[in-house]
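Residue-level structural notes
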Amino acid sequence: MCRLFALTTGGPRVHTALWLLDTPSSLSEQSRRMPDGTGLGWFSLGDEPVRDRAPVAAYEDSDFVNEAQHVVSHTFVAHIRYATTGKLTVHNSHPFDIRDRLFAHNGVIRGLDIIESWLSPLDKVFVEGETDSELAFAWITAEIERLGDTTAGIISAVRRMGEELPIYAFNFVLAEPRRLWALRYPDTHPLWVLNPEVGGRAGSRQLAGDTEPGSMSIEAGSAAVPAYVIASERMDDDPDWRLLEPGELLVIDGLEATRLFPFEEPAHRLTRADLHPEEAASQVPAFSA
């Protein structure tokens with residue numbers, strides 16, 4: 001299965017080489033098993049979303065390494081792809097950016113023609129690729145815009161998907177500046193969170209004259225910045241990684257988190273036996289589940 005990653009400090013701008021490059025199960029290391037695309041998204045100094053995506057493995061992507069070491073932001077979304085739908089192109093690589101939000105997904109959703117029927121011509125303008133992920137994001141965005149609230153829009157969109165679409169797994173992370181939403185739905189694939197109180201952290205911003213690129217802090221001995229970290233598999237041996245519950249929507253605003261359970265089981269739940277061979281091959285569970 002594709003791998004998801006998201007991090008927010010709630011405010012301080014940091015780099016994220018620690019998790020993308022340096023931990024035992026960094027995203028770069030995981031990409032040796034998920035080679036079909038990589039992407040990193042963040043928010044600029046003006047809080048505008050920025051992305052760099054490529055249809056290559058993260059460990060082979062020099063831009064990914066450079067950005068992990070040098071880009072600073074308060075909120076990041078990253079993804080490594082094992083393709084199920086859509087060609088290996090930049091437009092099918094995550095994260096996606098619609099209406100100033102970043103989004104990345106793993107799993108399998110059927111009924112893309114049904115989702116398309118829910119979208120207005122304006123909603124469809126934002127869809128550049130061919131993936132179930134981007135189409136689902138366009139639908140979630142449409143509901144957010146209709147309801148005027150991100151959490152309410154996510155809940156409304158996912159409820160309808162759960163009622164009407166065949167779903168094998170629909171895990172995602174969605175980001176706005178200093179805010180994250182993470183969904184594990186239903187229980188097919190794992191999604192983990194590390195809280196700032198028990199070990200979630202990020203490397204501090206590098207300034208002129210400080211430590212080498214990739215280091216964790218501005219000066220020797222300084223503390224790393226507290227952060228929420230979301231990941232498809234545990235990225236180090238910290239015992240405090242928590243597995244999200246099936247159907248859990250985790251809402252992180254700043255460094256305040258709320259756990260919501262607004263969803264029923266999918267009405268048309270797919271099993272592994274229902275998947276096409278190429279789909280099944282791409283949905284291998286994370287080793288740390």
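Residues numbered from 1 in each chain as written. Predicted model: local features only at pLDDT ≥ 70, side-chain atom pairs only at ≥ 80, totals over all residues. Heavy atoms only, no water.

Turning our eyes to something else, we now look at the pattern of salt bridges. One pass over the full model with this rule turns up 14 salt bridges. For the salt bridge of Arg 178 with Asp 47, the shortest nitrogen-to-oxygen distance reads 2.7 Å. Here Arg 178, found in the loop between strand S8 (166–176) and strand S9 (179–183), pairs with Asp 47, found in the loop between strand S3 (37–43) and strand S4 (49–54); they are 131 residues apart in sequence, far enough to count as distant. Under the relative-accessibility criterion, Arg 178 is labelled partly exposed at 30%. Measuring nitrogen to oxygen at the nearest pair gives 4.0 Å for the salt bridge that ties Asp 236 to Arg 201. (Salt bridge = Lys/Arg side-chain N within 4 Å of Asp/Glu carboxyl O. Helix = DSSP H or I, 4+ residues; strand = E, 2+ residues; numbered from the N terminus. Buried < 20%, exposed > 50% of the residue type's maximum accessible area, 1.4 Å probe, protein only.)

Further remarks concern the pairing of S9. Burial analysis of S9 places four of its five residues in the buried class, which makes it a mostly covered element. Sheet analysis places S8 next to S9, joined by five bridges and oriented antiparallel. By the bridge assignment, Leu 174 is partnered in S9 with Trp 181. Two successive antiparallel strands, S8 and S9, enclose a turn made up of two residues, where Arg 178 displays a positive phi of approximately 65 degrees. One ladder, built from five bridges, connects S9 with strand S15 (residues 249–253); its direction is antiparallel. (Pairing = 2+ DSSP bridges.)

This part covers the nonpolar core. Across soluble globular proteins, nonpolar side chains show a tendency to be buried alongside one another. Ranked by internal contacts, the top residues of the largest apolar core, which has 31 residues, are Ile 140, Ile 154, Met 161, Phe 170, Phe 172 and Leu 174. Listing elements by their share of this core, those giving two or more residues are strand S6 (96–98), strand S7 (101–109), helix H4 (112–118), helix H6 (132–147), helix H7 (150–164), S8, S9 and S15. Top element by residues in this core is H6. It accounts for eight residues. Setting aside chain neighbours within four positions, we find Met 161 in contact with Ile 109, Trp 118, Ala 136, Trp 139, Ile 167 and Phe 170. (Core = buried A, V, L, I, M, F, W, Y, C linked by side-chain atoms within 4.5 Å. Contact = heavy atoms within 4.5 Å.)

Turning next to the packing of aromatic side chains. Geometry of an aromatic ring pair is reported as the spacing of the ring centres plus the angle between the planes. Summed over the entire model, instances satisfying the criterion amount to six aromatic pairs. Three or more aromatic residues joined by ring pairs make a cluster, and in this case those are Phe 103, Phe 137, Phe 170 and Phe 172. (Phe/Tyr/Trp six-rings, centres within 6.5 Å; stacked < 30°, edge-to-face > 60°.)

Attention shifts here to unusual backbone geometry. Going from Tyr 185 to Pro 186, the amide bond is cis rather than trans, its omega being -10 degrees. On the secondary structure map, Pro 186 appears in the loop between S9 and strand S10 (192–194). Unlike most non-glycine residues, Asp 47 shows phi in positive territory, near 65 degrees. Looking at Asp 47, the relative accessible area reads 22%, which means it is partly exposed. Backbone geometry at Arg 99 places phi at a positive 50 degrees, although glycine is not the residue there.

Turning our eyes to something else, we now look at the confidence of the model for the protein chain. Low-confidence regions, as indicated by low pLDDT, have predicted coordinates that should not be scrutinised in detail. Of the residues in the protein chain, 81% have a pLDDT of 70 or more, and the chain-wide mean is 84. This model gives residues 205–222 a pLDDT under 50, and the stretch forms 32 contacts once residues within four places in sequence are excluded. (pLDDT = per-residue confidence, 0-100.)

Orientation of H6 relative to H7, taken along the N-to-C sense of each, is 130 degrees, at an axis distance of 7 Å. With respect to H7, the element H6 is oriented oblique. Handedness of the H6/H7 crossing: right-handed. Of H7, the residues touching H6 (which contributes Ala 136, Trp 139, Ile 140, Glu 143, Ile 144, Arg 146 and Leu 147) are Thr 150, Ala 152, Gly 153, Ile 154, Ser 156, Ala 157, Arg 160 and Met 161. Taken together, the residues that form the contact of H6 with H7 break down as nine nonpolar, three polar and three charged. (Axes fitted to C-alpha atoms, helices over the stretch in contact; angles between N-to-C directions. Parallel < 35°, antiparallel > 145°, perpendicular 65-115°, else oblique. Left-handed = near helix turned anticlockwise from the far one by under 90°. Nonpolar A, V, L, I, M, F, W, Y, C, P; charged D, E, K, R; others polar.)

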